[in-house]
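For reference, the chains in residue letters:
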Amino acid sequence: MLGPVLLAAARSDGIRRAVAATPLTRPVVDRFVPGEQLPQARWAVRDLTSRGLDVTLDHLGEDVTDRAEALRSRDAYLALAQALADEGLGERAEMSVKLSAFGQALPGGHDLALANVTPVVEAAAAAGTTVTLDMEDHTTIDSTLAVLAELRTRFPHTGAVVQSYLFRTEEDCHALAGEGSRVRLVKGAYKEPASVAYQDKREVDRAYVRCLKILLAGQGYPMIGSHDPRLIAITQELAHRLGRKNDAYEFQMLYGIRAAEQERLVAAGHRVRVYLPYGTDWYGYFMRRLAERPANLAFFLRSLLTRG
């Protein structure tokens, strides 16, 4: 029952201000978001890669309300691409972007988002890395996939995300499972209506496995976004059955969640990429992490009580 409440809170400006103003909040947020500025993110990247983990970086920000904000998002990613080039981390660190941060929801948003994200993808390629387009709520999917198709004509390794809780996703997986395609499969973290998405967790998990089979049997590069031990085990079994080597797919997990499992998988010869968010607009991301798993909320409340 708390999940929908927390997802609603993620979009509340009043609750945002109250949480941000609480001195005890920041140390807890640091578990999931290593910092607000690029130097802090660079330190976290160095730490993770030194332990054999790969990284995808997300400069937090979405649902921008004017073109100036969209340009600031673009510029933040251009600075990030330059930082990765300076660090020589192109082979270990990529970037994840939300097109709503590039103006997708504004008037003329599709063209605006494409115009703003294109130089970021160009800069990523120059740095020896690539970009994955995060998926947001279901109303943005067709636009996001159209931007993806346009970018892949020049940058074929541009990645996409699909969410198993949406009814349409199996069809999207078939369309995206071609040679060279990079697809991150997740369950989904937005509150979606019953008209477009499964509401029962077991149905979401079953859909995840169906999508997993499509992607692993395809010609692309699946990126398995899950912390669920059962789904990780199913992935390993399916990959083995389909003849996929460990370097033909990867696991992706969030920064601050199941770190020991991340390192266990690396030790077993798997590629693991950590989703590393940073930036001042951490609130919405943080609230979605709390909504996803009761254990995250328990950790948050326990930390506040302990520090209090």
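See the structure above.
Residues numbered from 1 in each chain as written. Predicted model: local features only at pLDDT ≥ 70, side-chain atom pairs only at ≥ 80, totals over all residues. Heavy atoms only, no water.

**Student:** Got a sec to walk through unusual backbone geometry? Specific residues and values, please.
**Tutor:** Note: most peptide bonds trans; most residues except glycine with negative phi. Positioned with a positive phi, Arg258 is a non-glycine residue whose angle comes to about 55 degrees. By the secondary structure assignment, Arg258 is in the loop between β7 (250-254) and α11 (259-267). For Arg258, a relative accessible area of 28% puts it in the partly exposed group. (Helix = DSSP H or I, 4+ residues; strand = E, 2+ residues; numbered from the N terminus. Buried < 20%, exposed > 50% of the residue type's maximum accessible area, 1.4 Å probe, protein only.)

**Student:** Outline empty space enclosed by the protein, supporting the account with residue identities and numerical values.
**Tutor:** If you walk through the whole model with that rule in mind, you get 2 cavities of 30 Å³ or more. Computed from the structure, the largest cavity encloses a volume of approximately 50 Å³. Lining the largest cavity we find Leu38, Ala41, Arg42, Val45, Leu57, Leu80, Ala83, Leu84, Glu87 and Leu89. Looking at side-chain class alone, the lining of the largest cavity contains 8 nonpolar, no polar and 2 charged residues. As for the second largest cavity, its lining consists of Met135, Ile141, Leu145, Val161, Val162, Gln163, Leu166, Thr169 and Asp172. Listed by contribution, the elements that provide at least two residues to the lining of the second largest cavity are α7 (141-152), β4 (159-163) and α8 (169-176). When residues in the lining of the second largest cavity are grouped by element, the largest group, 3 residues, is from β4. Classifying every residue of the lining of the second largest cavity by side-chain character gives 6 nonpolar, 2 polar and 1 charged. (1 Å grid on protein atoms, 1.4 Å probe; cavity = no way out; pocket = protein on both sides within 12 Å on 5 of 7 lines; lining within 4 Å. Points joined across faces, edges and corners; volume = space filled by probe spheres on them. Nonpolar A, V, L, I, M, F, W, Y, C, P; charged D, E, K, R; others polar.)

**Student:** Outline the state of the cysteines, listing residues and values.
**Tutor:** On inspection of all chains with the given rule, the structure shows 0 disulfides. Counting only cysteine sulfurs, Cys211 is the nearest neighbor of Cys173, a cysteine outside any disulfide, at a range of 3.9 Å. Accessibility expressed as a relative area gives 0% for Cys173, which makes it buried. Using a relative accessible area of 1% as the deciding quantity, one classes Cys211 as buried. (Disulfide = S-S within 2.5 Å.)

**Student:** Can you lay out the pattern of salt bridges for me, pointing to particular residues and giving the numbers?
**Tutor:** Tallied over the full model, the rule gives 26 salt bridges. Across the pair Asp134 and Arg184 runs a salt bridge whose closest N-O atoms are separated by 2.7 Å. Here Arg184 lies in strand β5 (residues 182-186) and Asp134 lies in the loop between β3 (131-133) and α7, a separation of 50 residues in the sequence. With respect to class, Asp134 is no different from Arg184; both count as buried. Sharing partners across several salt bridges, the network here consists of Asp54, Arg92, Glu250, Arg271 and Arg273. (Salt bridge = Lys/Arg side-chain N within 4 Å of Asp/Glu carboxyl O.)

**Student:** Break down the sheet that holds β3 for me, citing the residues and quoting the values.
**Tutor:** On the basis of which strands lie adjacent, the closed barrel formed by 8 strands has the order β1-β2-β3-β4-β5-β6-β7-β8 and parallel pairing. If you compare each strand with its neighbour and ignore which way they point, the axes differ by 30 degrees on average. Inspection of the sheet shows strand β6 (residues 221-225) paired to β7 by 3 bridges, in the parallel sense. The partner of Ile224 across the bridge, within β7, is Phe251. Seen against the sheet, helix α5 (residues 67-87) touches β1 (54-59), β2 (93-97) and β8 (272-278) and runs at an angle of roughly 170 degrees to β2. Across the sheet, α7 is in contact with β3 and β4; its angle to β3 comes to roughly 155 degrees. (Pairing = 2+ DSSP bridges. Axes fitted to C-alpha atoms, helices over the stretch in contact; angles between N-to-C directions. Contact = heavy atoms within 4.5 Å.)

Shape descriptors only; they carry no functional weight alone.
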